[in-house]
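Okay, here's what each chain looks like letter by letter:
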Amino acid sequence: MLNQTPSRITTLAWERALRSEFLADTTPDESVDRFAQILLALGKSTVLDVGCGNGRHSLLLAQKGFDTYALDMTESSLQLTQALLKQHQLRATMTKAYMEELPFPDETFDGLLGFCVYNHGDGPQVHASIVESQRVLCRGGFMYLCLMTPRDFRYQLGKRAKPRMLIFDRGPERGIPHYFISRLQLETLFRNFSIVDFRLEEEEANELVLRDYLCGAGQGTRLISHYTLIATKN
Ligand SMILES: C[S@@+](CC[C@H](N)C(=O)[O-])C[C@H]1O[C@@H](n2cnc3c(N)ncnc32)[C@H](O)[C@@H]1O
């Protein structure tokens, strides 16, 4: 059934989003820098960036000297990532694949990053993708995930196609499925891992985000809400 997963059938919507201004910023998220510091301090060397997008985090990892692997299902993402790395005279191993079927043997990576990636799909896909990532992580390896929570204002937008899953009907990510995971679901998925750090990260959406997603509808402050999790495989 995995060949019918929601994110696969929306590859074209992703190609459009990746070429839009909305996903053009190549500034890495500070939290990924913190994750990289943890890996460095522990002497970890091989890191997979799942759903690498425009390549901003693959670049950060390559700059820090990791043996970096960048993976995405879209051609646009791999081209953007390759170009960004080349601009900085760095390299990474590029792989075109789906996060729910990673083409790597068990226990290949010391670190794995999934930043705003695993929330694209329905419940079974999100579950399968996280379990698949756990498979390719070495024992003693670390995983960093950032996922949307149901407190995010965008949980109220668009068509609720499946439980906890919306397909946005406006904005730069229109046509793309978004899954809003609960804390309990995450803790259950990581029950065999040690959770090193778990945070609810929230901020008010800025005007750009409100303009893009609300297209002028509604007023007042709106919350952007994510869970971030660092876990190690026992
Ligand atoms: C919101 S972007 C995040 C990009 C990057 N992680 C960052 O933080 O800048 C999500 C990325 O996940 C990719 N993606 C979505 N579903 C995927 C799947 N099933 N398998 C692999 N990549 C996927 C998209 O093509 C896109 O590049």
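Description of the structure in this document. (Residues numbered from 1 in each chain as written. Predicted model: local features only at pLDDT ≥ 70, side-chain atom pairs only at ≥ 80, totals over all residues.)

Closest axis-to-axis distance for the helix H3 (residues 56–63)/helix H4 (residues 75–87) pair is 9 Å, and the angle between their directions is 35°. Helix-helix and strand crossings are classified by hand; for H3 and H4 the assignment is right-handed. Listed contacts from H4 to Ser 58, Leu 59 and Ala 62 of H3 are Thr 81, Leu 84 and Leu 85. The residue makeup of the contact of H3 with H4, split by class, is 4 nonpolar, 2 polar and no charged. (Axes fitted to C-alpha atoms, helices over the stretch in contact; angles between N-to-C directions. Helix = DSSP H or I, 4+ residues; strand = E, 2+ residues; numbered from the N terminus. Left-handed = near helix turned anticlockwise from the far one by under 90°. Contact = placed C-beta atoms within 7 Å. Nonpolar A, V, L, I, M, F, W, Y, C, P; charged D, E, K, R; others polar.)

What follows deals with the sheet that holds strand E8 (residues 177–179). Taken in spatial order, the 3 strands of this open sheet run E6-E7-E8, and their pairing is antiparallel. Looking at strand neighbours, the two that pair on one side only are strand E6 (159–162) and E8, the edges of this open sheet. Here the strands of the sheet are splayed against their neighbours by 40° on average, with no regard to which way each runs. (Pairing = 2+ DSSP bridges.)

To continue, consider the site of the ligand. In the neighbourhood of the ligand, 21 residues make up the surrounding shell, with Ser 7, Gly 51, Gly 53, Met 73 and Phe 115 lying closest. When contributions to the shell around the ligand are tallied by element, the ones reaching two or more residues are helix H1 (11–18) and H3. Its residues assigned to classes, the shell around the ligand comprises 9 nonpolar, 8 polar and 4 charged. (Near = placed C-beta within 6 Å.)

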